[in-house]
Amino acid sequence: MSTHLTDETIQAIILNPSEVLDCLWTETDVLIAGSGPVGATYACEILEKLPNMRVIMAEIGSQDSTVIGAHHKNAVKYQKDIDSFGHIITGALQPISISPADTHISTMGGDGWRPKPQDVLIFQGHNPNQKPENNLKASSVTRTVGGMATHWTCNCPTPHEEERVKNPIKWEILEGLLQRGRELLNIHENEYDESIRHRVVRSTLQKALGESNVKNMPLAVQRRTDNKRYVTWSGTNTVLGDVVTNPNFTLWAEHRLTKVYGHPFSNGVISGALVRNLNSDRDIFAVVVCCGAVGTPQVLFNSGIRPPALGHYLSEQSLAFCQIVLKREIIEYIETANEFKELVAAHRKKYPNDPLPIPFSDPEPQVMIPYSRDHPYHVQVHHDAFTYGDVGPRADARVVVDLRYFGKQDIQADNCVLFGSLAPLSDWLPGVTDIYGMPQPTFRVTRSNDDHARDQKMMAEMTRVASILGAFLPGSLPQFMEPGLALHITGTTRIGSKEKPEESVADDYSRVHGYENLWVGGNGCIPDSTACNPTLTSVAIAIRGAEAVVKYFTLLA
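First things first, this report covers the structure right here in the doc. Values in this document were obtained by computation on a predicted structure and should not be read as measured data. (Residues numbered from 1 in each chain as written. Predicted model: local features only at pLDDT ≥ 70, side-chain atom pairs only at ≥ 80, totals over all residues. Heavy atoms only, no water.)

**Structural notes on the overall build of the protein chain**
Of the regular secondary structure elements, the protein chain holds 13 helices and 23 strands. Buried positions account for 55% of the 557 residues belonging to the protein chain. Contacts in the protein chain between residues far apart in sequence, at least 24 positions, make up 77% of those at least 6 positions apart. Counting every atom, the protein chain has about 24400 Å² of accessible surface; 52% of that belongs to carbon and sulfur. (Helix = DSSP H or I, 4+ residues; strand = E, 2+ residues; numbered from the N terminus. Buried < 20%, exposed > 50% of the residue type's maximum accessible area, 1.4 Å probe, protein only. Contact = heavy atoms within 4.5 Å. Areas by Shrake-Rupley, 256 points an atom, 1.4 Å probe, with all protein chains shown as cover.)

And the structure:
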């Protein structure tokens, strides 16, 4: 039974912890903040080894599915019409830091109210301290059970050796952790091999770029056995598995981890946490071990835990994007190739008036051009829900292919996310707190000259590869997307060496420097500049962190 307390009671407990110290440990053994794949990894790994351990997972967002943390793209309607899923993604994302807007309405006539020239309108959620030139404008969070994994692309490549230079975990250990991560995320590489479009896109690029340079995309997905037209995308539910049936596991949706508290008599020991029930605006006192995902440095800052590296060494990928319409010769090849003869004939028989030979149920391509020394970008060639162009009656979605190029960013200690003052645990204050009452994040991020040079080469590379496949789709010409849209921020709670604690937030087990029982999780733990999708790496790091949690409680016992 959860204990709900008022702010005044919480403060009294903090001031007189000896009176309630026993009940802190009877409330829960482990508190995990965040319900994405990383938080789920901690829960799964801890309860697999210590099934009697009491674990509470607190999530600031709501539970929006009949399955805990399921990927929303598993719905048949979105698999029949992938472009319609883009609206789901857009609705799920909440921006982190919004610069003040230009509020002058030059076309408004009449005597409608308008601010004076020196006035600045205050919009809820906007951050008056955010300079547009240093912002990651498109950087957003998803506040729901399952987090970003309710709508992610599920792309899980293995990081190249240049993308793990600063990772303190030795490769022979990390390699095993990555493999365990693949198992938890249910990663496969061949689920789209029966797709016509997948095969022609892959073979076309392999002929032009070399077979070893173009591969199937490793995806956290599995084709359904009852109906192979559809797939099941992995989400938090995939990682949790049977954990949700363990009576010692509890999920608190719409609960905000506000801050953690150190033990008053033991340095480096976390003895409690303030968790707010957003429905009742009352607080719960519990033990915390792991804080995950984007808000981790925000929680540590609000807790007064502020190592020098907190929020710094931020790295975010640049993103170049375009869409093409497949070449006529590729479509003609599909029409006449023996390898597609039966599929095309069946389609023609059922839809004799369709000008395209591609079955309506043909899965989309899922091709990857991996990162390499000579090609320092991660490339996805597919067709997914984020459709930036005008795909409508002028272009059949079956012939549209997306190219997404992700570029890395040089690590600079000064690239950071800063926070407002200590949150008053209540309402939004411009530049001080966000709309959830936590310290307002403000980005201070710039790209280096080397970053710009790489991005220039990346754009040239994308246009060259796009021309191999087809013609640019009007409205989706080659372009750089808004900074932050990759949603792959790393480094803000980076793991590192105990010998140089000033350069990281946590050790190689994700344990926060100077604390016995506080761990961090999420993409922020990755200390390297990466171009590939970070989820698999973050899950691998979390598996190692969970090992340390298990060892910690084993030693206590």
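**Focus: helix α12 (residues 449-469)**
Here α12 is 21 residues long and its end C-alpha atoms lie 31 Å apart, about the 30 Å a rise of 1.5 Å per residue gives. Among the residues of α12, D451, R454, D455, M458, M459, E461, M462, V465, A466, I468 and L469 are the ones counted as buried. (Expected span 1.5 Å × (residues − 1).)

**Some thoughts on the layout of surface pockets**
In this structure, the second largest pocket spans a volume of roughly 490 Å³. For the second largest pocket, the lining is made up of 22 residues, of which Q79, K80, D81, F360 and D362 are closest to its centre. The biggest single contributor to the lining of the second largest pocket is helix α4 (residues 76-80), with three residues. When its residues are assigned to classes, the lining of the second largest pocket shows nine nonpolar, three polar and 10 charged. (1 Å grid on protein atoms, 1.4 Å probe; cavity = no way out; pocket = protein on both sides within 12 Å on 5 of 7 lines; lining within 4 Å. Points joined across faces, edges and corners; volume = space filled by probe spheres on them. Nonpolar A, V, L, I, M, F, W, Y, C, P; charged D, E, K, R; others polar.)

**Examining the sheet that holds strand β9 (residues 231-233)**
Spatially, the three strands line up as an open sheet ordered β6-β8-β9, and their pairing is antiparallel. Edge positions in the open sheet fall to β6 (187-188) and β9, since each of these has one partner strand only. (Pairing = 2+ DSSP bridges.)

**A short note on unusual backbone geometry**
Note: most peptide bonds trans; most residues except glycine with negative phi. Positive phi values are uncommon outside glycine, yet E254 reaches one of about 55°. Within the element layout of this structure, E254 appears in the loop between β10 (249-253) and β11 (255-262). Overall, E254 belongs to the partly exposed group, its relative accessible area being 29%. The backbone of L487 shows a phi angle near 60°, a positive value even though the residue is not glycine.

**Some words on the side chain of T535**
Along the chain, T535 turns up in helix α13 (residues 535-556). Discounting chain neighbours no more than four positions away, the residues touching T535 are P37, W152, L185 and N523.

**A look at the pairing of strand β2 (residues 30-33)**
Every second residue of β2 is oriented toward a common face, with V30 and I32 on one face and L31 and A33 on the other, all of them buried. Pairing analysis gives four bridges linking β2 to strand β3 (residues 55-59), with the strands arranged parallel. Within β3, the residue paired with A33 across the bridge is A58.

**Points about helix α7 (residues 196-209)**
Compared with an ideal rise of 1.5 Å per residue, which puts 14 residues at 20 Å, α7 spans 20 Å between its outermost C-alpha atoms and is within 8% of the ideal. You can read the cap of α7 off the contacts: a side-chain oxygen lies 3.4 Å from the backbone nitrogen of R197, and it is on S195. Backbone geometry just after α7 places G210 at a positive phi near 105°. (Polar contact = N/O pair within 3.5 Å; in protein donor to acceptor, adjacent residues only side chain to side chain.)

**What to know about the packing of aromatic side chains**
Going through the model one piece at a time under the given rule, you end up with eight aromatic pairs. Between Y333 and F340 the ring centres are 6.2 Å apart and the planes differ by 90°, which places this aromatic pair in the edge-to-face class. For Y333, a relative accessible area of 39% corresponds to the partly exposed category. An angle of 80° between the planes, with centres 5.4 Å apart, marks the rings of Y552 and F553 as edge-to-face. Under the relative-accessibility criterion, Y552 is labelled buried at 11%. An aromatic cluster is built from W519, Y552 and F553, whose rings are joined through pairwise contacts. Stacked on the ring of W171, the Lys or Arg R164 has its end atom at 3.7 Å from the ring centre. (Phe/Tyr/Trp six-rings, centres within 6.5 Å; stacked < 30°, edge-to-face > 60°. Lys NZ or Arg CZ within 6 Å of the ring centre and 35° of its normal.)

**Notes on the pattern of salt bridges**
Scanning all chains against the criterion turns up 23 salt bridges. Between R373 and E161 there is a salt bridge whose closest N-O contact spans 3.2 Å. On the criterion of sequence distance, the pair formed by R373 in the loop between β16 (366-369) and β17 (377-382) and E161 in the loop between β5 (140-142) and α6 (171-185) is long-range, its members being 212 residues apart. A salt bridge links E332 to R328, with the shortest nitrogen-to-oxygen separation between them at 3.7 Å. Within this pair, E332 and its partner R328 are both found in helix α10 (residues 328-336), separated by four residues, close to a single helical turn. Its relative accessible area of 66% is what places R328 among the exposed residues. A cluster of three or more residues bridged by salt bridges with shared partners is formed by E45, E48, K49, R180 and E183. (Salt bridge = Lys/Arg side-chain N within 4 Å of Asp/Glu carboxyl O.)

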